[in-house]
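As a plain string of letters, each chain reads:
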Amino acid sequence: MALVLNVVREGLRNRSLYVLTGVGLLLMFLLLVTSGGTVRDAAGNDLLADAAGAMRVGFALAGFLGALVAVVLSMNTIPRECDRGTMELLLVRPLARWRIGAGFFAGNILSAWLFLLALVVPLFPALTLRGGAAQVPDLLLTLPGIFLNVALVSAVTTLVSVWLPGPAAGLVGLLAYGLGAFGPELAALVALTDAWWTPVARAGLWLVPPTGEVAASVLQRFAHGGVGDPRPVLAGLLYLWATAGLTAASFGWREVSRRAALLFLGAGLVLTAALLAAPDPADWTDEDTALLQAALRLGEQVADLFPGWAPQETPVLLTKGRVNYLVNFPSELEAPPGRPVGAGTLRVVRLDRPEVPVVANGVVKVSGRAVALVAGRAQLEGAVGRLEAGLTLADGGEAELLKGMLRAGAGQSLTDEAYVGAVVHELFHVHQIPALEQWTADWDGAYAQERLWGEVYQDAENNRLQNLEAAYLLEALQAPDDGAARDAAARFLAVRAERAGYWQTRLGPVVADPLLELERLYEWLEGLARYVQAHVEPGGVEALMDELTEPVEAGIARDRVYRLGAAQALVLDRLSPGWRVEAMKGVSLEDLLREAVG
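Residues numbered from 1 in each chain as written. Predicted model: local features only at pLDDT ≥ 70, side-chain atom pairs only at ≥ 80, totals over all residues. Heavy atoms only, no water.

## A few points about the overall build of the chain
The condition is simple: A run of H or I in DSSP counts as a helix once it spans at least four residues, and a run of E counts as a strand once it spans at least two, with each numbered from the N terminus. By the convention used here, residues are in contact when the closest approach between their heavy atoms is within 4.5 Å. Every accessible area reported is derived by Shrake-Rupley at a probe size of 1.4 Å, with residue values counting cover from the shown protein chains alone.
A count of helices and strands for the chain gives 25 helices and 6 strands. Contacts in the chain between residues at least 24 apart in sequence constitute 74% of all its contacts with a sequence separation of at least 6. Carbon and sulfur atoms make up 61% of the accessible area of the chain, which totals about 26,600 Å².

Next up, the structure:
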C-alpha cells in the first residue's frame, strides 16, 4: 500500500496533467454549458441538441482526456524508477517482487482515476442545466464505463513500460486506446474479408482493450429502449485481470503465496464463467421468430393488393450487427455458409460471416437474389434510442425519418406493431426491385438524390408548393364524393406542374427534369411501401392522413416522399381501382393520377 500511495503522490506532482485537465474542463464548459456551437455526427445530427446527446459528447471527451492522462502517468512510472536507480532499492527490500509490480499497476490506475474524477464531476451540473436532471441516475451508471476504460489504457501502458522506454510505452498505450475505441468497426471490417491476414487481424484485435465496446454498452443507459450488453464490461474486467497478472509476474512470480495465487486464479475463473454465461444479444430468439412470422402473415393478408407479391416466399436477412441470419432463402440458390437455427416454420441459417455487419433496414442482394434487410427488434429499438442522442443507423438512415416510420418518438418505446410494419415495408421493397431496376437502367449522374434532398427540398418556394400538394391530397382523401376528390386531385396536379415549371426555369430542364424524375421514383418506391405498411398497422391509414397536415419542411427531407407517395396511392384507390397493376410495371403515381383525373 505504501508503494501504491507513493506512485499516486508522484503522479499528482505532474503539473502538465493539471494543465491538460484544465483544458478539458474548459472544453466541457464551452460545449456542454454555454451551447455556443454544434457538434455533428456523420449524418449531420447535432449531438448537442438534447441532454442525452450532450452527455455522450461529455462522456467521449472525458474518456479521451482521461486516457491521455493515464498514458502520460503510466508510461514513465517504472522507467523513471529505473533511471533514478530507486528500482534496485525496491527490489532488495523484503517484499515479494510481484507485489512491486502490482503496486505500480494499481498506483497508476488510481492516479489516473483522480484526474478523471475532476473531469466527470462537472458532467452532473451540465446535464442538469440542459434539462436532463431525470437522467442523472443514468449518468451515474455510465461512469464505471469511463473509469474501466481509463484503467484499461493505464494497464496496457504500465505493462508495456516494463520492457520499453517511456515514450515508446506511451505510443503503444495511445495506439491501444485508438484501436480499442474503434474495435467494433474494425471487427466488422475484418469479418467481411477472407484474406490471408484475416486470422492475424482477428487475433490482434483480441490483444486490444475493448474500450469502444465498453463505452457503447454503458451508453445504452442514455438510449430509450437500449439493450444493455454486460459482456463488454466483463471482457474489460477480464482484460484488466490478465494485464495485472502479467505486470506482477514480470517482476517475479516465484514468491507468490498459494493463497494469493488461488485468489487471483479464482477471480479470473469467475470473470470467465460470467462472460461465458452472459446472454448474447446477437443470438436468435423466440421473439425474432414470432415477430418475423407475424410480419410474413400480415404481409400475406394484404398481398392481394399487388398481384404477384408473395411475402411468405420473400427471403429475409435479419442483421444483429456482427451476426446475420438468412431466413427462407431459396434452396435452389447457393447460400453463404452458415449453420441452421431452430425457428419454428422459418428456415433460418446463422451466417458464418455477416453480409451486412451493421444495424440497418433496406434491400440487399445475397448470391444475386434480392432479400429484405431488417434489423433485429432489440437492435433496432436500441438504434432508435441512440438516435435521440444524435447517432444514426448505418447506410444513410436519418433519425427523424426512422422514428417517423416506426412512430417511435422521444421517450417512446418501439411497439411490436411498428416493428412488424417496418418489416412488411422492406418485404414489399423486394417485390419492387425488378421494376426499379428497369426504371433506373439508363440513369446517370444527373439523377443525384443528394441534390434532391439538399437543394430542391431545402428551397422555400418548393416547400410552399409541396405543402399545397399535401393539402390537396388530404382534401381528395376527405372529399364527400368522387367528383370532389377528382377536383382536389386535379388541383394537386396543377400545383405539381407549377412546381416543375419553377425548377425548370431556375435550373434548366437538363438539370431539373432528372431531379423531378428521381422524386417520382422515390414517391413510387417509398410511397407504395408506406402504403402497404399503413394497411397492416392498426390505424395506419389514419396516421398517414395526419402526417399530411404537418409542414413538409418540419421533418427530414426524405420523409415527404413517403407521405406524399402513399397519399397519392390512397387517392388512386378511390379514383382508379385497377391502378396497382400498372404501378408495378414502373409507372409513376403522378402519371397514374393524371390518367385517373382525365
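## Considerations on the pairing of strand β2 (residues 324-327)
Successive side chains on a regular strand alternate, one facing one side of the sheet and the next facing the other. Defined as follows: The buried label goes to any residue with under 20% of its type's maximum accessible area, the exposed label to any with over 50%, and the partly exposed label to all in between, with areas taken from a 1.4 Å probe on protein chains only. In this description, strands pair whenever DSSP reports at least two bridges between them.
Side chains Asn-324 and Leu-326 of β2 all project onto a buried face; the interleaved residues Tyr-325 and Val-327 project onto the opposite face, where all are buried too. Judged from the 4 bridges that link them, strand β1 (residues 316-319) and β2 form a sheet pairing that is antiparallel. Bridge pairing links Leu-317 to Leu-326 in β2. Between β1 and β2, which pair antiparallel in sequence order, lie 4 residues; one of them, Gly-321, sits at a positive phi of approximately 85°. Sheet topology note: the β2/strand β4 (residues 348-351) ladder contains 3 bridges and is antiparallel. Bridge pairing links Leu-326 to Val-349 in β4.

## Quick notes on the nonpolar core
What counts is decided by this rule: As used in this record, nonpolar core signifies buried Ala, Val, Leu, Ile, Met, Phe, Trp, Tyr and Cys residues forming a set joined through side-chain atoms within 4.5 Å.
In terms of nonpolar packing, the biggest core is built from 90 residues, with Trp-284, Phe-306, Trp-309, Trp-524, Leu-528, Tyr-531 and Trp-579 touching the most fellow members. For Tyr-531, the residues in contact, after removing those within four places along its chain, are Leu-305, Phe-306, Ala-566, Ala-569, Leu-570, Asp-573, Trp-579 and Arg-580. Grouped together as the second largest cluster of nonpolar side chains are 48 residues, Leu-119, Leu-123, Val-156 and Ala-176 included.

## Overview of the environment of Thr-193
Residue placement: Thr-193 occurs in the loop between α9 (183-191) and α10 (198-206). A relative accessible area of 22% places Thr-193 in the partly exposed class. In the structure, Thr-193 is positioned 160 residues away from Arg-353 in sequence and 8.6 Å away in space, judged by C-alpha atoms. Among all residues touching Thr-193, those that are not within four sequence positions of it are Thr-198 and Arg-353.

## Details of the side chain of Thr-289
When you line up the elements, Thr-289 lands in helix α14 (residues 286-301). We classify Thr-289 as buried; its relative accessible area is 10%. Not counting the four nearest positions on each side in its chain, Thr-289 is found in contact with Trp-284, Ala-343 and Leu-346.

## Brief notes about the sheet that holds β2
Condition: The axes are straight lines fitted to the C-alpha atoms, using for helices just the contacting stretch, and the angles between their N-to-C directions are given from 0 to 180°.
With mixed pairing, the 6 strands of this open sheet are ordered in space as β3-β4-β2-β1-β6-β5. Every interior strand has two partners, whereas the edge strands, β3 (338-341) and β5 (362-366), have only one. Across the sheet, the mean angle from the axis of one strand to that of its neighbour is 35°, orientation sign disregarded. Summarising the sheet, β1 and strand β6 (residues 369-375) pair through 4 bridges and their orientation is parallel.

## Some words on the packing of helix α17 (residues 416-439) against helix α21 (residues 509-536)
The condition that has to hold: Each crossing gets its handedness from the near helix: less than a right angle anticlockwise from the far helix is left-handed, clockwise is right-handed. Three classes are used, and their members are as follows: Ala, Val, Leu, Ile, Met, Phe, Trp, Tyr, Cys and Pro are nonpolar, Asp, Glu, Lys and Arg are charged, and the others, Gly among them, are polar.
Two elements in contact, α17 and α21, have axes separated by 8 Å at closest approach and are oriented at 145°. Handedness of the crossing formed by α17 with α21: right-handed. On the side of α17, the interface is formed by Gly-421, Ala-422, Val-424, His-425, Phe-428, His-429, Gln-432, Ala-435, Leu-436 and Trp-439, while α21 contributes Glu-517, Arg-520, Leu-521, Trp-524, Leu-525, Glu-526, Leu-528, Ala-529, Arg-530, Val-532, Gln-533 and Val-536. Grouping the constituent residues of the contact of α17 with α21 by class yields 13 nonpolar, 5 polar and 4 charged.

## So, the pairing of β4
In the sheet, β3 pairs with β4 via 4 bridges, with the strands oriented antiparallel. Across the sheet, the residue bridging to Arg-339 is Arg-350, located in β4. The turn linking β3 back onto β4 is made up of 6 residues, and Gly-344 within it adopts a positive phi angle of 65°.

## A look at the pattern of salt bridges
Rule in force here: The term salt bridge refers to a pairing of a side-chain nitrogen on Lys or Arg with a carboxyl oxygen on Asp or Glu at a separation within 4 Å.
In the structure shown here, the tally under the stated rule is 26 salt bridges. Residues Arg-496 and Glu-590 are paired through a salt bridge, measuring 3.3 Å at the closest nitrogen-oxygen approach. Residue Arg-496 is located in helix α20 (residues 482-507), and its partner Glu-590 is located in helix α25 (residues 589-597); the two are separated by 94 residues in the primary sequence. Pair check on accessibility: Arg-496 and Glu-590 agree, each one buried. In this structure, a network of salt bridges that share partners links the residues Glu-469, Arg-496, Arg-499, Glu-517, Glu-519, Arg-520, Glu-523, Glu-590, Asp-591 and Arg-594.

## Comments concerning the packing of aromatic side chains
What counts, and what does not: Any Phe, Tyr or Trp ring, taking Trp's six-membered ring, that has another such ring centre within 6.5 Å forms a pair; planes under 30 degrees apart are called stacked, those over 60 apart edge-to-face, and the others tilted.
Considering all chains together, one arrives at 15 aromatic pairs under this definition. Ring geometry for Trp-284 against Tyr-325: centres 5.1 Å apart, planes inclined by 65°, an arrangement best described as edge-to-face. Placement of Trp-284 in the loop between α13 (258-277) and α14 and of Tyr-325 in strand β2 is noted, with a sequence separation of 41 residues between them. By relative accessible area, which is 1% here, Tyr-325 ends up buried. Each ring, one from Phe-306 and one from Tyr-531, has its centre 6.3 Å from the other, and the planes form 85°; the classification is edge-to-face. Here the residue Phe-306 occupies a position in the loop between α14 and β1, and Tyr-531 occupies one in helix α21, the gap between them amounting to 225 residues. Ring-pair connections join several aromatic residues into one group, and the members of that group are Phe-306, Trp-309, Phe-428, Tyr-531 and Trp-579.

## Observations concerning unusual backbone geometry
Phi is positive for Asn-328, close to 55°, though the residue is something other than glycine. Relative to the helices and strands, Asn-328 is located in the loop between β2 and β3.

## A short note on the packing of helix α22 (residues 540-547) against helix α23 (residues 559-575)
To keep things clear, this is the line we draw: For classification purposes, angles smaller than 35 degrees are called roughly parallel, those larger than 145 roughly antiparallel, those between 65 and 115 roughly perpendicular, and all remaining angles oblique.
Running from N to C, α22 and α23 cross one another at 120°; their axes reach a closest spacing of 10 Å. Considered as vectors, α22 and α23 are oriented oblique to each other. When you trace α22 past α23, the crossing you get is left-handed. Residue-level contacts link Val-541, Leu-544 and Glu-547 of α22 to Arg-563, Ala-566, Ala-567 and Leu-570 of α23. Classifying every residue of the contact of α22 with α23 by side-chain character gives 5 nonpolar, no polar and 2 charged.

## Regarding a nonpolar patch on the surface
This is how the line gets drawn: Each patch is built from salt-bridge-free residues with over 30% relative accessible area, joining like charges within 9 Å and nonpolar side chains (Val, Leu, Ile, Met, Phe, Trp, Tyr) within 5 Å.
The grouping of Leu-12, Tyr-18 and Leu-114 at the surface amounts to a nonpolar patch, some 270 Å² of accessible area in total. If you trace the backbone, Leu-12 turns up in helix α1 (residues 2-12).

## Here's the deal with the side chain of Lys-320
As for its placement among the helices and strands, Lys-320 is situated in the loop between β1 and β2. Since its relative accessible area comes to 8%, Lys-320 is described here as buried. Once residues within four sequence positions are removed from consideration, Lys-320 is found in contact with Pro-281, Ala-282, Asp-283, Trp-284, Thr-285, Asp-288, Tyr-325 and Gln-379.

## Quick notes on α20
Cut-off, in case you're wondering: Expected span of a helix: the number of residues minus one, times 1.5 Å. Whenever two N or O atoms come within 3.5 Å, that pair is a polar contact, provided that in protein one can donate a hydrogen and the other can accept it, and provided that, for residues adjacent in sequence, both atoms are side-chain atoms.
Taking 1.5 Å of rise per residue, the 26 residues of α20 would be expected to cover 38 Å, and the 37 Å separating its terminal C-alpha atoms lies within 8% of that figure. Buried residues of α20: Ala-485, Ala-488, Ala-489, Phe-492, Leu-493, Val-495, Arg-496, Arg-499, Ala-500 and Trp-503, and no others. For α20, the secondary structure elements touched by its buried residues are α19 (460-478), α21, α23 and α25. The N-capping residue of α20, defined by a side-chain oxygen 3.0 Å from the backbone nitrogen of Gly-483, is Asp-481.

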